[in-house]
Amino acid sequence: MKAGKILIEASGRLAGCGVEEPGLNAQWLLADAMGVPRLNLLADPDLPVSAAALRKFKKGLALKEQGEPLAYILGWQDFRGLRINVDKRVLVPRPETEELVGLAAEFLKGRRGELAALDYGAGSGAIGFWLAKEFPGLRLTAAEKSARAIACAAGNAEALGLAKRVKFIRTATLTPVRGPFDLIVSNPPYIPTRVIPGLSPEVLSEPKVALDGGGDGLDVARMLVKLSPARLKKGGALLLELGGSQAKNLAAAMPAAVWKETKTFKDLNGIERFVFGRIHG
Ligand SMILES: C[S@@+](CC[C@H](N)C(=O)[O-])C[C@H]1O[C@@H](n2cnc3c(N)ncnc32)[C@H](O)[C@@H]1O
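Nothing here was measured: the structure is a model prediction, and the numbers come from that model. Starting from 1, residues in each chain are numbered consecutively following that chain's sequence as written. Local features in a predicted model are, by the rule used here, given only for residues with pLDDT of at least 70; side-chain atom pairs are given and counted only at 80 or more, and totals for whole chains, interfaces and linings are based on all residues. Heavy atoms throughout the structure, all of them, feed into the side-chain values; hydrogens and water do not.

Caption draft 1: Representation of the sheet that holds strand S6 (residues 181–186) in the model. An order of S5-S4-S3-S6-S7-S9-S8 is seen for the seven strands of this open sheet, with the pairing classed as mixed. Where the open sheet ends on each side, the last strands, each with one partner, are strand S5 (166–170) and strand S8 (259–266). Neighbour to neighbour, the strand axes of the sheet diverge by 15° on average, direction disregarded. Throughout, a residue-residue contact means that at least one pair of heavy atoms, one from each residue, lies within 4.5 Å. The angle between two axes is taken between their N-to-C directions and runs from 0 to 180 degrees, where each axis is a line fitted to C-alpha atoms and a helix contributes only its stretch in contact. Secondary structure elements follow DSSP: runs of H or I of four or more residues count as helices, runs of E of two or more count as strands, with numbering from the N terminus. Strands in contact with helix H6 (residues 95–109) are S6, strand S7 (232–241), S8 and strand S9 (272–279); relative to S7, the strand with the most contacts, it is inclined by about 165°. Here helix H8 (residues 147–159) sits on the sheet and contacts strand S4 (139–144) and S5; the angle it forms with S5, its principal contact strand, is near 175°. DSSP bridges decide pairing: two strands pair if at least two such bridges lie between them.

What follows is the structure, encoded as structure tokens:
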């Protein structure tokens, strides 16, 4: 069978199941099954598909129809050019988090001396590992509550050649984490508990610990606002990714006596998503 014909049929099936971007999902699945770059399929719809590739593709397609995230099926997610291996142990890194690391990099570029950063709630490790690649002198600490997520992140650190540069700490609070850091960056769980049951099956297949931020979604974020200042270098910063109206509310609750500067940033969809706070120094 030819790739183009398979793609048209598969994309129709995925659309019928309500999968977003059905064509793109079908292309990634077929490219992965065939072991070719996705764009080759578009350049040559007459590419023949072997029986083995077709079998693999059909398995992936069935999982996608059942609401499995594409990244779990492929086993990886591109994160600003880094290949991050993912599976059910971790949240799939989101495009907004690619924006978060851009803001983090802007801040770190302005710092002098040896850089130290903490990625809190590291999950797959995408945030910290991207920063470690961007800043070769950066000392990275990755803190995370889930042992399963730490195992996944440790595999990524190995695969990316960063194992010697990252220190992992398993914890559910900042209390045992020693600084000082130039930057504490986090994409904490921030979905209010009551909202979780209504999420899409795709999101619900991700670990609950990565989603559930407590009553108003801000349990972990508030803990970070409270405990970060004692772990930051002079002029160091806390940078968080949040959802909906949370960023403005949290920034407003950061006392000026502690935080010299607080700002929020919109993501590319115009949602006020990121909170930045810098302490005095
Ligand atoms: C939204 S996910 C972010 C994962 C990854 N940093 C990313 O951006 O893709 C939140 C992560 O925080 C972890 N987590 C949840 N509660 C935590 C806590 N109290 N302390 C530390 N980590 C926590 C979860 O296990 C999950 O890996």
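Caption draft 2: Up close: the packing of aromatic side chains. Two rings from Phe, Tyr or Trp (for Trp, the six-membered ring) form a pair when their centres sit within 6.5 Å of each other. Planes less than 30 degrees apart are called stacked, planes more than 60 degrees apart edge-to-face, and all others tilted. On inspection of all chains with the given rule, the structure shows two aromatic pairs. When the ring centre of Trp76 is taken as origin, the NZ or CZ atom of Arg83, which lies over that ring, is 4.2 Å away. Over a ring means this: the NZ of a Lys or the CZ of an Arg is within 6 Å of the ring centre and within 35 degrees of the ring normal.

Caption draft 3: Quick peek at the packing of helix H1 (residues 3–16) against helix H2 (residues 22–34). Taken N-terminus to C-terminus, the directions of H1 and H2 make an angle of 130°; their axes are 8 Å apart at the nearest point. As the angle between them shows, H1 and H2 are arranged oblique. Considering only the axes of H1 and H2, their crossing is right-handed. Here Ala3, Ile6, Leu7, Ala10, Ser11, Leu14 and Ala15 of H1 come into contact with H2, specifically with Pro22, Gly23, Asn25, Ala26, Gln27 and Leu30. Each angle receives one of four descriptions, namely roughly parallel if under 35 degrees, roughly antiparallel if over 145, roughly perpendicular if within 65 to 115, and oblique otherwise. By convention the crossing between two helices is left-handed if the near helix lies anticlockwise of the far one by an angle smaller than a right angle, and right-handed if it lies clockwise.

Caption draft 4: Quick peek at the layout of surface pockets. The pocket and cavity definitions rest on a 1 Å grid over protein atoms only: a 1.4 Å probe that fits but cannot leave marks a cavity, an open set with protein on both sides within 12 Å along at least five of seven lines marks a pocket, and residues lining either have an atom within 4 Å of a point. Grid points are joined across faces, edges and corners, and a volume is the space filled by probe spheres set on the points. Its boundaries defined by the atoms lining it, the largest pocket holds a volume of some 1,100 Å³. Elements that contribute at least two residues to the lining of the largest pocket include exactly H2, helix H4 (51–65), helix H5 (70–74), strand S1 (76–79), H6 and helix H9 (201–204). The greatest single-element share of the lining of the largest pocket, amounting to four residues, is contributed by S1. In this structure, the second largest pocket occupies an estimated 820 Å³ of space. Lining the second largest pocket are 46 residues, with Asn187, Pro188, Pro189, Ala210 and Leu211 sitting closest to its centre.

Caption draft 5: Structural context of the site of the ligand. Around the ligand, 19 residues are found, and the nearest of them are Tyr120, Gly121, Glu144, Ala172 and Asn187. We call two N or O atoms a polar contact when they sit within 3.5 Å, provided that within protein one can donate a hydrogen and the other can accept it, with sequence-adjacent residues counted only if both atoms are side-chain atoms. At 2.5 Å from an oxygen atom of the ligand is found a side-chain nitrogen or oxygen belonging to Glu144. Contacts to the ligand include Asn187, whose side-chain N or O atom sits 2.9 Å from an oxygen atom. For the area figures, the Shrake-Rupley method with a 1.4 Å probe applies, and any residue is considered shielded solely by the protein chains shown. In isolation the ligand offers 600 Å² of accessible surface; the protein chains occlude 96% of this area. To be counted as sitting in a cavity or pocket, a molecule needs more than half of its atoms within 2 Å of that site's grid points. For the ligand, the cavity whose grid points lie within 2 Å of the majority of its atoms is the second largest pocket. Note on residue categories: nonpolar means Ala, Val, Leu, Ile, Met, Phe, Trp, Tyr, Cys or Pro, charged means Asp, Glu, Lys or Arg, and polar means any other residue, Gly included. Residues that form the shell around the ligand fall into these classes: eleven nonpolar, six polar and two charged. Residue proximity to a molecule or strand is established when one non-hydrogen atom of the residue lies within 4 Å of it.

Caption draft 6: View of the pairing of S7. Throughout this description, buried means an accessible area under 20% of the type-specific maximum (1.4 Å probe, protein chains only), exposed means over 50%, and partly exposed covers the range between. Within S7, eight of the ten residues are buried, leaving the element largely enclosed by the surrounding structure. With five bridges connecting them, S6 and S7 associate as parallel partners. When the sheet's bridge partners are listed, Ser186 is paired in S7 with Leu240. As defined by bridge partners, S7 adjoins S9 across five bridges and the pair is classed as antiparallel. Within S9, the position partnered with Ala237 by the bridge is Arg278.

Caption draft 7: Quick look at H1. A rise of 1.5 Å per residue sets the reference length of H1, with its 14 residues, at 20 Å; its end C-alpha atoms lie 20 Å apart and thus fit the reference within 8%. The set of residues buried in H1 consists of Ala3, Gly4, Ile6, Leu7, Ala10, Ser11 and Leu14. Buried residues in H1, looked at end-on, bunch into an arc of 150°, giving them a common side. Away from its buried face, by an angle of more than 90 degrees, H1 presents the exposed residues Lys5, Ile8 and Gly16. Contacts from the buried residues of H1 go to H2, helix H3 (38–43) and H4. A positive phi of about 80° marks Gly18, the residue just after H1. Multiply 1.5 Å by the residue count of a helix minus one, and that product is the helix's expected span. Here the arc refers to the set of directions running from the helix axis out to each C-beta atom.

Caption draft 8: Main features of the domain arrangement of the protein. Domain parsing of the protein yields domain 1 (3–66) and domain 2 (77–279). A domain assignment, automatic or from a database, supplies the domain bounds used here. Computed from C-alpha coordinates alone, the two centres of domain 1 and domain 2 are separated by 34 Å.

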